[in-house]
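Descriptive structure summary
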Amino acid sequence: MIHYSLVCDKSHKFDGWFSNAAAYDAQKLRGLVTCPICLTTAVDKAIMAPAVNRTDGTEKVSLSIGHPQHQQLREAMLALRNKVTSEADYVGDRFAEEARKIHFKEVDARGIYGEATKEEVAALVEDGVDFMPLPSVKEEHN
Ligand SMILES: [Zn+2]
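Residues numbered from 1 in each chain as written. Predicted model: local features only at pLDDT ≥ 70, side-chain atom pairs only at ≥ 80, totals over all residues. Heavy atoms only, no water.

**Notes on the overall build of the protein chain**
In plain terms, the rule: Here a helix means four or more residues in a row that DSSP labels H or I, a strand means two or more in a row labelled E, and each is numbered from the N terminus. Each residue's exposure class comes from its accessible area (1.4 Å probe, protein chains only) as a fraction of the maximum for that residue type: buried when under 20%, exposed when over 50%, partly exposed otherwise. The Shrake-Rupley method, run with a 1.4 Å probe, gives the accessible areas here. Residue values count only the displayed protein chains as cover.
When you go through the protein chain residue by residue, the secondary structure sums to four helices and five strands. Secondary structure elements in the protein chain, listed N-terminal to C-terminal, are β-β-α-β-α-β-α-β-α. For the protein chain, the residues scored as buried account for 25% of the 142 residues in total. Just so you have it, the protein chain exposes about 10,400 Å², and 54% of that area is on carbon and sulfur atoms.

**A few points about the coordination of the zinc ion**
This is how the line gets drawn: The donor definition counts N, O and S atoms within 2.8 Å of each metal and applies 3.2 Å to Na, K and Ca; water is not among these atoms, so some sites may look incomplete.
Coordination of the zinc ion by the protein involves Cys8 (SG), His12 (ND1), Cys35 (SG) and Cys38 (SG), with metal-donor separations of 2.0 to 2.3 Å. Each donor residue of the zinc ion belongs to the same chain, with the gaps between them written as C-x3-H-x22-C-x2-C. Judged by its relative accessible area of 6%, Cys8 falls in the buried class.

**Regarding the sheet that holds strand E3 (residues 43-45)**
What counts is decided by this rule: Pairing between two strands requires that DSSP report at least two bridges joining them. A fitted line through C-alpha atoms represents every axis, and for helices the fit uses only the stretch in contact; the resulting angles, taken between N-to-C directions, go from 0 to 180 degrees.
With antiparallel pairing, the three strands of this open sheet are ordered in space as E2-E1-E3. Since the sheet does not close on itself, it has two edges, and those belong to strand E2 (13-18) and E3, each with one partner. Along the sheet, successive strands turn relative to each other by an average axial angle of 40°, direction set aside. Pairing of strand E1 (residues 2-8) with E2 involves six bridges; the strand directions are antiparallel.

Next up, the structure:
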């Protein structure tokens with residue numbers, strides 16, 4: 001595994017783990033490297049600034065080591081979320097209503113995503129409507 005410090009075009013900095021440099025290039029080429037904060041694929045390796053400390057040497061920097069499996073899972077969730085949100089229609093609060101229409105074939109089947117209350121979700125499950133939670137990828141703690 002190699003670790004890259006990555007940065008998107010909105011200057012969000014995040015970490016990426018790849019099996020090797022070629023894997024990074026391949027994933028980048030296929031648009032699989034996304035910013036976890038704004039989900040853009042316009043990301044690049046951050047320029048590694050030399051660790052020059054101009055002050056008194058006590059200034060702290062934030063460091064972390066992410067669990068590689070956690071990172072892969074996160075990337076998979078982001079990829080799924082990106083796929084759903086790019087291909088499906090956003091129906092907002094009408095998710096339960098629209099999902100039921102699709103389930104009972106009142107309208108043509110299509111991909112949708114949106115929000116539903118717990119009661120609506122329970123009712124959908126009861127009606128046997130096939131749906132799944134959309135992964136919500138929380139912003140990194142700063
Ligand atoms: Zn970003």
